[in-house]
Amino acid sequence: MGIRFILMVNKQGQTRLAQYYEWLTLEERRALEGEIVRKCLARNDQQCSFVEHRNYKIVYRRYASLFFLVGVDNDENELAILEFIHLLVETMDRHFGNVCELDIMFHLEKAHFMLEEMVMNGCIVETSKCNILSPIQLMDKTS
Amino acid sequence: MASPSLMDTLFQRGLDDIIKGVRHQQSSTESIFISRVIEEIRREIKSTDLQTKSTALQKLTYLNSIHFIDMSWASFHAIECISSPTFSHKKIGYLAISQSFSESTPVILLISNQIRKDLKSGNEFEVSLALDCLSRIGTVDLCRDLASEVFILMSSSKVFIRKKAIGVVLRLFEKYPDAVRVCFKKLVESLEGSDSPIVSAVVGVFCELSAKDPRSYLPLAPEFYRILVDSKNNWVLIKVLKIFVKLAPLEPRLAKRLVEPICDHMRKTGAKSLVFECIRTVVTSFTEYESAMKLAAAKIREFLMEDDPNLKYLGLHAISIMAPKHLWAVLENKDVVIQSLSDEDPNIKLESLRLVMAMASESNLMETCRVLVNYALKSDPDFCNEILGSILSTCCQNVYEVIIDFDWYVSLLGEMSRIPNCKKGEEIENQLIDIGMRVKDVRPELVRIARDLLIDPALLGNPFLHRLLSAAAWVCGEYVEFSRNPVELMEALLQPRTSLLPSSIRTVYMQSAFKILIFCIHSYFLQKEDMTSEVSDLASKRQCSESSDLATGKALVQSDQDEGFNPRESNQSYEYPSVVDTGDGQSSTPTFMEKKSLMHESIVNLLNLMELVLSPLSGSLDVEIQERACNVLGFIELVQQEFSNPLIRKEANLDREEVIASRVVEWVHDVFTEELGPVSVTAQDRVPIPDELVLKENLTDLEAICGGVELPAPGSFSLTSPYYGESAVFSVSNLQAEEDSEPSTESTSLLTEHRKRHELYYLPSEKNIIPANDYPPANDPSSSINTNDATEDLVKLADQSLVSKRKPNHAKPRPVVVKLEEGEAAPVVSKKPELKDDLLSGAIHDILLGNEAKAASSQSNPSDKSSSKRKGKAKHVDLLDSKENLAVGEQPNHENPSSRRSKHRGDGKQKSKKSKGKKNGDGREDDGEKESQKIRDHHGRHKSRQRADAPINVVPQTPDIPDYLL
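Residues numbered from 1 in each chain as written. Chains lettered and ligands numbered in written order. Predicted model: local features only at pLDDT ≥ 70, side-chain atom pairs only at ≥ 80, totals over all residues. Heavy atoms only, no water.

An unreviewed UniProt entry lists chain B under the name AP-3 complex subunit delta, from Salix brachista. The Subunit (unreviewed entry) field of the UniProt record for chain B holds the comment "Adaptor protein complex 3 (AP-3) is a heterotetramer." The record held by UniProt for chain B lists under Sequence similarities (unreviewed entry) the comment "Belongs to the adaptor complexes large subunit family." (UniProt positions renumbered as here; feature names shortened; annotations may be inferred.)

Looking up chain A in an unreviewed UniProt entry gives the name AP complex subunit sigma, with the organism given as Salix brachista. Turning to chain A, the UniProt record has this under Sequence similarities (unreviewed entry): "Belongs to the adaptor complexes small subunit family." Listed in UniProt under the heading Subcellular location (unreviewed entry), the comment for chain A reads: "Endomembrane system".

Set out below in structure tokens:
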């Protein structure tokens, strides 16, 4: 289970997207997000993007007002996950055109679909922007 | 609730409205708004109109994912949505299901049919939705029911579907290992090619699978190797490297082949993530390849030189993986490491701290610790404790291996406990006691340090240090003979602020005070024996002043002690005429003992002080404190008779009383001076459990009663009651008559008896160790009289375990450190893999080894090769055709003949389809032969693609793993 969860959180610590690849109850999710947000948002730009939390690692990156946080197993490649985050942002950028927090808020479903294209069972299965977006665009056209 | 009206349907709020609505709320009204929305949703979701229903579900899903609103109640509605013919409804339904269903969702089985229907759908997006959903929520039942559908999709003509089907396989294998028999072959075939999206998905799956059970995937090493060499996709390469990290330890020959391509990647690629993965692979798995390590170290150096904190962190992390075996890598980067200790990022600081400690050795330990402790004083509390923690754990490694000068270390411990932010009381406690027991030579210094800690009243206020103080108290009591001033210790132990301590630690204080008292009285007696003649004429005068001392003490007790009423005390006070006079000056801090001049009055003072402090505690609510207080008070009473009733009963009883008192003191003293050694942590396990002992009994009731009570520190004996004390004395004195041969160790005879019987669990006393530096044979013939067979086994066990290790000689002689070699004796519990994994790996093993066996046999007969491929294919067809084979899937793999027969059946069907593959295979075969010739000429320098072929001479069924890459 390489990736355990993907979170998008704004500067105020409000969750904007949460995708878990293992089952957690609502209470567990709430606690986890609270802890992580407290831990990561307090860090500054001069600090590294990796935080150890419980028995796994969090790799995070900030884009404007939005934090992308990915929880991964300890032996996962941190830099690859950073690249994954970047890929995700680029993909959304291409789809929404200069993506911002509001895009994700109002198109949460689409963001979820992009993630589903990219990650299955916590494994990254697709890394080409075209391949990720083509089903979504097709769906847009048909509906 | 009212049924949904037309109005609801017409004027339903969409998701966007809700999002906007929530945004416009103040944080205080947000929850009210949301609960109103939920009410609305509950009404709308019951609508028969699927549009209304799905919109309601969509809103609920949103609120669930962002605002943690429970949606488990809507699971049935979600199922209704996915059965809608409209794609957008389905989409909403599937999203809701993947987000909210768990194994325990009651309606989960209802979706099995719908998912199957969607998996068979002609619309690839519907298939993809169903696959995604299955990969998230697949339960055992779902996976079992749908395995065959997923298998069909794995051969779908659409890459989009095939990729997702492969993604689902992981879940399938995890929940329903038998699926392996159906899907595995297909999965392996998907590894062909090197850059398609399929490969990246498959490699991801194998990466996860091999993390759980690498051995099963060893036969696939050649495939992975080919990908490693050919692929241009960094994502895939990283995953393949991860797989090889798992495989390399299992097959030493792999490393030789892998080092070159990995180093190649490391040199050529520009992607930092790949470089880092290569570094990590090399430093974890290929540590014995010097050139690769050098290259990795150089790359790490590059990382460290960059400004990017991420690279710095990872670089330090990589070095710390190297550190245990290749310390040079740390030393080469010493500058960066030290510099990072003051980095802005706590994570980087932590990594560099680990490295600094890794560099610590016998020679530089003192300097390193001095610098770090100073640094800890200036750091923030968290990092300060990290530093202290890592110093403590480094120093105690392998029974204090790195420490030569224990006096220094003990004083370092003392220094560390005084750092204001120190929260490591517990660790320091353990080490103080441990060192005290193991290292005899350090005890005087240890007692000195402990004294310094005890007499500082400020430390008592810090709850983190309480444990540490309990260790200090224990040390002072146990090794009081090294103290310069026991009375000072006694006062420290009895100071009023000890009331701040938790009761468990207070009991340790009391016990230690008792030990010190015994020691003082004992030495007084010894001294007295020496100079009885001189004392006699001074006796009456001195005793006079004593009685007045005692009286003042009593008076104080009476006034102080309101709550702790003790009838015995008041009785006693009659015995002494109350003379209010003098005494005060004498009772304050007598300083003596330096020259062993123990005064009579100082003993009396001690007794008074103890009585004064302890008598209120005899009424303590804490059982343990109360009991100890009573014990000690009882003892004091006994001894006091001898010390302080001179005028009344002097003539008649003095001799006899004194004999009893001094004897009691002597016995107790003997008990206390008995050496306590470290005990192996596994010692308890080696004790056979008696038959009548019920360990499974529920003791929760008891726990509630003695919740706060902790066990006292090791070695604190307690006499259960003063009366017991006396009776014990008499029984022991009887023993004395019998055992005249052992003078002055009568009371320890019980202990020695115990020791004799349970020799195993004791460490030999220092006396035995120092000359021989070895342990006496555990199965001493005299002690084996009582032992039965079981214990004899234990004796052997312990015998093996108690091999002491000789240390090399140092310039400054290192004190003897008593140690147990626990590693060898510790019962090795073989960790059995979980049943599921077992099944999974078993299934994979069957398939792959079946493969190998066939491959090997086909190798010996080249023309058979293609047919063996077909054979595998045919097996699938068989499996799909008959359900029975699914159930007894093992058979075809084990029994070659039967699968051969099935091959013949499959032959006709497969020929046309596989002809291309066959051609390929043949071509490869030639390649392979050429290659293998080349290899024989110059050993292992080619990197071209090869099939997984076993050496010719390998017998098919042998469990030996063939060299897959040669």
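### Examining the overall build of chain B
Within chain B, the regular secondary structure consists of 48 helices and 0 strands. Of all 966 residues assigned to chain B, the portion counted as buried reaches 53%. Long-range pairs, those at least 24 residues apart, make up 72% of the contacts in chain B with a sequence separation of at least 6. Accessible surface, chain B: about 45500 Å² in total, of which carbon and sulfur atoms supply 54%. (Helix = DSSP H or I, 4+ residues; strand = E, 2+ residues; numbered from the N terminus. Buried < 20%, exposed > 50% of the residue type's maximum accessible area, 1.4 Å probe, protein only. Contact = heavy atoms within 4.5 Å. Areas by Shrake-Rupley, 256 points an atom, 1.4 Å probe, with all protein chains shown as cover.)

### Some words on the overall build of chain A
The helix and strand inventory of chain A stands at 5 helices and 7 strands. Ordered by position in the sequence, the α and β elements of chain A form the string β-β-α-β-β-β-α-α-α-β-β-α. In chain A, which comprises 143 residues, the proportion classed as buried is 62%. A fraction of 50% describes how many contacts in chain A between residues 6 or more apart in sequence connect residues 24 or more apart. On chain A, roughly 5400 Å² of surface is accessible, and the fraction owed to carbon and sulfur atoms is 49%.

### Re the interface of chain A and chain B
With 56 residues of chain A at the contact, the number on the chain B side is 61 residues. With both sides pooled, the region where chain A packs onto chain B buries about 5200 Å², and carbon together with sulfur makes up 55% of that total. By the criterion of area lost to chain B, the three top residues of chain A are A:Phe106, A:Met120 and A:Asn121, representing 12% of everything that side buries. For B:Lys164, the salt bridge goes to A:Glu117, with nearest N and O atoms at 2.8 Å. In this structure, the connection of chain A to chain B is made through 23 residue pairs in polar contact (both at pLDDT 80 or more). Of all elements in the fold, only β2 (15–20), α1 (26–41), β3 (50–53), α2 (78–96), α3 (101–106), α4 (108–118), β7 (123–124) and α5 (129–142) of chain A reach the threshold of two or more residues within the side of chain A that touches chain B. For the side of chain A that touches chain B, the leading source of residues is α2(A), giving 7 residues. Taken together, the residues of the side of chain A that touches chain B break down into 27 nonpolar, 13 polar and 16 charged. (Buried area = accessible area lost by both parts, 1.4 Å probe. Salt bridge = Lys/Arg side-chain N within 4 Å of Asp/Glu carboxyl O. Polar contact = N/O pair within 3.5 Å; in protein donor to acceptor, adjacent residues only side chain to side chain. Nonpolar A, V, L, I, M, F, W, Y, C, P; charged D, E, K, R; others polar.)

### Details of the pairing of strand β4 (residues 56–63) of chain A
As a general feature of sheets, a regular strand has side chains that alternate between the two faces. Residues and elements named next belong to chain A. Note: β3 against β4, 4 bridges, orientation antiparallel. Within the sheet, the bridge partner assigned to Val-51 lies in β4 and is Ile-58. In sequence, β3 turns back onto β4 through a hairpin of 2 residues, with Arg-54 there showing a positive phi of about 45 degrees. Note that β4 and strand β5 (residues 66–72) share 7 bridges and pair antiparallel. Each bridged residue has a counterpart across the sheet, and for Arg-61 the counterpart in β5 is Phe-68. Taking the residues that link successive antiparallel strands as the turn, the β4-β5 hairpin has 2 residues, and the phi of Ala-64 there is positive, at about 50 degrees. (Pairing = 2+ DSSP bridges.)

### Section: the pattern of salt bridges
Opposite charge on two side chains allows them to pair when their charged atoms are near. According to the stated counting rule, one finds 52 salt bridges over all chains in the structure shown. The closest approach of N and O atoms between B:Glu306 and B:Lys272, which form a salt bridge, is 3.8 Å. Here B:Glu306, found in the loop between α17 (290–305) and α18 (309–322), pairs with B:Lys272, found in helix α16 (residues 272–285); they are 34 residues apart in sequence, far enough to count as distant. For B:Glu445, the salt bridge identified is with B:Arg448, shortest N-O distance 3.0 Å. Placement of both B:Glu445 and B:Arg448 in helix α27 (residues 443–454) is noted, with a separation of 3 residues, approximately one turn of the helix. Using a relative accessible area of 17% as the deciding quantity, one classes B:Glu445 as buried. Salt bridges here are not isolated pairs; linked through shared partners, they connect A:Lys57, A:Glu78, B:Lys242, B:Glu277 and B:Arg280.

### Notes on the side chain of B:Lys59
Relative to the helices and strands, B:Lys59 resides in helix α4 (residues 50–67). Aside from chain neighbours lying at most four places away, what touches B:Lys59 is B:Gln12, B:Arg13, B:Gly14, B:Leu15, B:Ile18, B:Glu40, B:Ile41 and B:Glu44.

### Details of the confidence of the model for chain B
Residues and elements named next belong to chain B. When pLDDT is averaged along chain B, the result is 72; 63% of the residues meet or exceed 70. Contacts of residues 535–596 to residues separated by more than four positions or lying in other chains number 80 contacts, the stretch itself having pLDDT below 50. Segment residues 822–834 is flagged for pLDDT under 50; beyond a separation of four residues in sequence, or across chains, it makes 10 contacts in the model. The ipTM for the predicted assembly is 0.95, set against a pTM of 0.66. (pLDDT = per-residue confidence, 0-100.)

### Remarks on the packing of helix α21 (residues 346–359) of chain B against helix α22 (residues 365–378) of chain B
Residue and element names in this part refer to chain B. Look at α21 against α22: their axes get within 11 Å of each other, and the N-to-C directions meet at 155 degrees. Compared by their axis directions, α21 and α22 come out roughly antiparallel. Judged by the sense of rotation from one axis to the other, the crossing of α21 with α22 is left-handed. The segment α21 lies against α22, with Lys-349, Leu-353, Val-356 and Met-357 engaging Thr-368, Leu-372 and Tyr-375. The residue inventory of the contact of α21 with α22, partitioned by class, reads 5 nonpolar, 1 polar and 1 charged. (Axes fitted to C-alpha atoms, helices over the stretch in contact; angles between N-to-C directions. Parallel < 35°, antiparallel > 145°, perpendicular 65-115°, else oblique. Left-handed = near helix turned anticlockwise from the far one by under 90°.)

### Here's the deal with the side chain of B:Gln99
Its place among the elements puts B:Gln99 in helix α6 (residues 87–100). Reaching out from B:Gln99, the side chain makes a polar contact with the side chain of B:Asn64 at a distance of 2.9 Å.

### Overview of the packing of aromatic side chains
In the structure shown here, the tally under the stated rule is 23 aromatic pairs over all chains. Aromatic pair A:Phe5 and A:Tyr56: ring centres 5.7 Å apart, planes at 80 degrees, arrangement edge-to-face. Of this pair, A:Phe5 sits in strand β1 (residues 3–10) while A:Tyr56 sits in strand β4, and the two are 51 residues apart along the sequence. Judged by relative accessible area, which is 1%, A:Phe5 ranks as buried. Look at A:Tyr56 and you get buried, because its relative accessible area is 5%. Centre to centre, the rings of B:Tyr400 and B:Phe406 are 6.0 Å apart; their planes meet at 70 degrees, and the pair counts as edge-to-face. Take B:Phe406: its relative accessible area is 2%, and that puts it in the buried class. (Phe/Tyr/Trp six-rings, centres within 6.5 Å; stacked < 30°, edge-to-face > 60°.)

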